[in-house]
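An overview of the molecular structure
If you want the building blocks of each chain, they are given just below.
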Amino acid sequence: MAGKKTAPAFRFVHFGTDKVAEHHFCNNRVRTTLYVRGWLTPIIFLFKGVILEEFAKLANRYFAVIVMLQMWKETSNTGGLPTTLPALSIIVIFASVLKLMQDIDRSRADHQLNTAKCERLVAGKFVATTWTDIKVGDFIKVHNREMVPADIVIFAAHEPDPENPVGACHVETKSLDG
């Protein structure tokens, strides 16, 4: 079996060391927006949000063809006047404005989530930071009913009665389930 690679026998996981940076993991920033990207927003929205997405709908393409045919005097019964253009324009503009408003709301929710406070273990003490500062291998402290916008491994949980430990931790995944 000459061309087959074998997996290493052990996998090393590093916590809180400089070796984590060697792996070049992505950051912890959440971005669910489709169009909002700073100064490029109008260009991206016009091309992707209006032209590609709105005219990907069969009904909008059909009425765009009708508008073009109405503008062609030889095939038009309106004398070259595109009478369906106002209706098509209103529908496309209304749908595009709704998409942009939803995307702005997603951008605000992303910002709120990315700047949410959490506690990260640094030099033996828990220090307040934001979720975007969390890196792979960091130990974080999660309080009761606190939302966690990251993949984490739970190492320990607070027991309500230390004399009679239950060893249970309830994790709600509704934000992941959709």
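The structure reproduced in this document is the subject of the present report. Per chain, residues are indexed from 1 in the order of the written sequence. Selection of residues for local features in this predicted model requires a pLDDT of at least 70, selection of side-chain atom pairs for listing and counting requires 80 or more, and totals for whole chains, interfaces and linings are taken over all residues. Excluded from the side-chain calculation are hydrogens and water; included are all heavy atoms of the structure.

Digging into unusual backbone geometry
Generally, phi is negative for residues other than glycine and the peptide bonds are trans, each holding for most cases. Which entries qualify depends on this criterion: Secondary structure follows DSSP: runs of H or I at least 4 residues long count as helices, runs of E at least 2 residues long count as strands, and numbering of each begins at the N terminus. A 1.4 Å probe rolled over the protein chains alone gives each residue an accessible area, and that area as a share of the maximum for its type sets the label: buried under 20%, exposed over 50%, partly exposed in between.
The backbone of Ala123 shows a phi angle near 55°, a positive value even though the residue is not glycine. Structurally, Ala123 is set in the loop between strand E1 (117-122) and strand E2 (125-130). Exposure remark for Ala123: the relative accessible area of 78% places this residue in the exposed category.

A short note on the packing of aromatic side chains
Just so we agree on the cut-off: Only Phe, Tyr and Trp rings are paired, with Trp represented by its six-membered ring, and only when their centres lie within 6.5 Å; those with planes under 30 degrees apart are stacked, over 60 edge-to-face, the remainder tilted.
Across all of its chains, the model carries one aromatic pair by this definition. Look at Tyr62 and Phe63: their rings are 5.1 Å apart centre to centre, the planes differ by 80°, and that puts the pair in the edge-to-face class. Look at Tyr62 and you get partly exposed, because its relative accessible area is 49%.

Re the nonpolar core
How we decide: Only buried residues count toward a nonpolar core. Its members are Ala, Val, Leu, Ile, Met, Phe, Trp, Tyr and Cys residues joined through side-chain atoms within 4.5 Å. In what follows, residue pairs with any heavy atoms lying within 4.5 Å of each other are defined as contacts.
Within the largest apolar cluster, eight residues are counted, these being Tyr35, Ile44, Phe45, Val50, Ala64, Val67, Leu88 and Val92. Elements with a contribution of two residues or more to this core: helix H1 (41-54), helix H2 (58-71) and helix H3 (85-114). Ignoring anything within four residues of it in the chain, the contact list for Ile44 reads Leu34, Tyr35, Arg37 and Gly49.

A short note on the environment of Lys125
Following the sequence through the fold, Lys125 ends up in strand E2. In this structure Lys125 comes out as exposed when scored by relative accessible area, which is 58%. Along the primary structure Lys125 and Leu46 are separated by 79 residues, whereas in three dimensions their C-alpha atoms are 48 Å apart.

Focus: the pairing of E1
Test applied: Note on pairing: DSSP must find at least two bridges between two strands before they are called paired.
Sheet topology note: the E1/E2 ladder contains six bridges and is antiparallel. Looking across to E2, one finds that Leu121 is bridged to Phe126. Connecting E1 to the antiparallel partner E2 that follows it, the hairpin turn spans two residues, and Ala123 within it adopts a positive phi of roughly 55°. Note: E1 against strand E3 (residues 140-141), two bridges, orientation antiparallel. Across the sheet, the residue bridging to Glu119 is Lys141, located in E3.

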